[in-house]
Amino acid sequence: MIKSIIQLLRPHQWLKNLFIFLPLFFDRQLTDLDKLLVVVGAFVAYSLAASAIYCFNDIWDVEADRQHPKKCKRPIASGKISKGMGYGISAILVTMSLLLLVTYTGREKWYLFGIICFYLLLNIAYCVKLKQITIIDVFIIAFGFVLRIFVGGVAVGIHLSHWIILMTFLLALFLAFAQRRDDVVIYQETGVSARKNVNRYNLEFMNQTIGIIASITMVCYIMYTVSEEVVERMHTQYLYATSVFVLAGIVRYLQITIVDVKSGSPTKVLMKDRFVQLCIIGWILTFILILYC
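Residues numbered from 1 in each chain as written. Predicted model: local features only at pLDDT ≥ 70, side-chain atom pairs only at ≥ 80, totals over all residues. Heavy atoms only, no water.

**Q** Is there a simple way to think about unusual backbone geometry in this case?
**A** Note on backbone geometry: most residues besides glycine have negative phi, and most peptide bonds are trans. The phi angle at R10 is positive, at roughly 50°, despite the residue not being glycine. Take R10: it is sitting in the loop between α1 (2–9) and α2 (22–26). By relative accessible area, which is 10% here, R10 ends up buried. Notably, I135 is not glycine yet its phi reads approximately 70°, a positive angle. As for its position among the elements, I135 is in the loop between α6 (106–128) and α7 (136–156). On the accessibility criterion, I135 (39% relative accessible area) is partly exposed. (Helix = DSSP H or I, 4+ residues; strand = E, 2+ residues; numbered from the N terminus. Buried < 20%, exposed > 50% of the residue type's maximum accessible area, 1.4 Å probe, protein only.)

**Q** So what exactly am I meant to see when it comes to the side chain of D137 here?
**A** Counting through the fold element by element, D137 comes out in helix α7. For D137, a relative accessible area of 0% gives the class buried. Among the polar contacts listed, one links the side chain of D137 to the side chain of R180, at a separation of 2.9 Å. If sequence neighbours within four positions are ignored, D137 has contacts with Y126, L130, K131, R180, N197 and Y201. (Polar contact = N/O pair within 3.5 Å; in protein donor to acceptor, adjacent residues only side chain to side chain. Contact = heavy atoms within 4.5 Å.)

**Q** What is the right way to read the layout of surface pockets from this model?
**A** Over the atoms a probe the size of a water molecule is rolled, and this reveals where empty space is left. Of the volumes computed, that of the second largest pocket is approximately 1300 Å³. Along the wall of the second largest pocket there are 42 residues; nearest its centre are F19, L22, L171, I280 and W283. Counting residues per element, the ones that place at least two in the lining of the second largest pocket are α2, α8 (162–190), α9 (203–226), α11 (243–259), α12 (266–272) and α13 (274–292). A class-by-class count of the residues in the lining of the second largest pocket yields 32 nonpolar, seven polar and three charged. (1 Å grid on protein atoms, 1.4 Å probe; cavity = no way out; pocket = protein on both sides within 12 Å on 5 of 7 lines; lining within 4 Å. Points joined across faces, edges and corners; volume = space filled by probe spheres on them. Nonpolar A, V, L, I, M, F, W, Y, C, P; charged D, E, K, R; others polar.)

**Q** Explanation requested: α7 in the structure shown.
**A** Along an α-helix, residues three or four positions apart point the same way, because every turn accommodates 3.6 residues. The end-to-end C-alpha separation of α7 is 31 Å, in line with the 30 Å expected for 21 residues at 1.5 Å each. A large share of α7 lies buried, amounting to 16 of its 21 residues. Where α7 ends, the next residue or the one after it, G157, has phi of about 70°, a positive value. (Expected span 1.5 Å × (residues − 1).)

**Q** Explain the state of the cysteines to me, please; I cannot follow it from the model alone.
**A** Note on terminology: a disulfide is the covalent bond linking the sulfur atoms of two cysteines. Going through the model one piece at a time under the given rule, you end up with zero disulfides. Free of any disulfide, C55 has its nearest neighbouring cysteine sulfur in C127, separated by 11 Å. The exposure class assigned to C55 is buried, which follows from its relative accessible area of 0%. The structure places no disulfide on C117, whose sulfur is separated from the nearest cysteine sulfur, that of C127, by 16 Å. (Disulfide = S-S within 2.5 Å.)

Set out below in structure tokens:
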């Protein structure tokens, strides 16, 4: 039962919430222990809320998941956890998330409370209806990543530049369309529709869309690294060196998506693919060397 509950919470998906730390990282305050602890608290609160949504999603999609070759193994779809217990776990997680925010003081507490409540309402609407609308469904997923960096910025009072918002949205949009492509492949091979709107996508559309977004993302990142605003704020002209890892990571992800057809879960790709891991580690280390040394 404990194993099934952990599986229901999908803690591996919490890796997505590391975006919450980006404002602190880019503002060169990651070594400020007090602010780091504040952001860790926001990370935990957001992660609990995210797990609550995963529970609700599995309850709402239980019949469709039972027809899916992979999702049929989920705790609720497989019958290991009942719907009633799933609702109870979801409610407990939401309560824990909001109670954690009580420890914050000042306006930040209410801003975080508002963002997380908006995240919960948006994703409930997504699970119930919005994910059935093509294109809108993917954009909502990408917007969720933007909410993550807002949580990180609001928690410690860091103003977010348009660059970090734009880059986060584009990268998330790229990953979301890559994930949807996997659903299209399963539908064409097995006839099983993972989502009600999967027939409104096809491989040609997905390949072109993913390619366009990948190109825009890479160009946008290069423009970010050489922009006068960023160079002046970061006090360095060498951020362009990090572009190598971004380009390599995106190209590798395209290979995983189109050639290997294994882009079902960006989190699992991150956990398993050594090349992607090395790109991320190289990007982080290069950034640290440039900004902190």
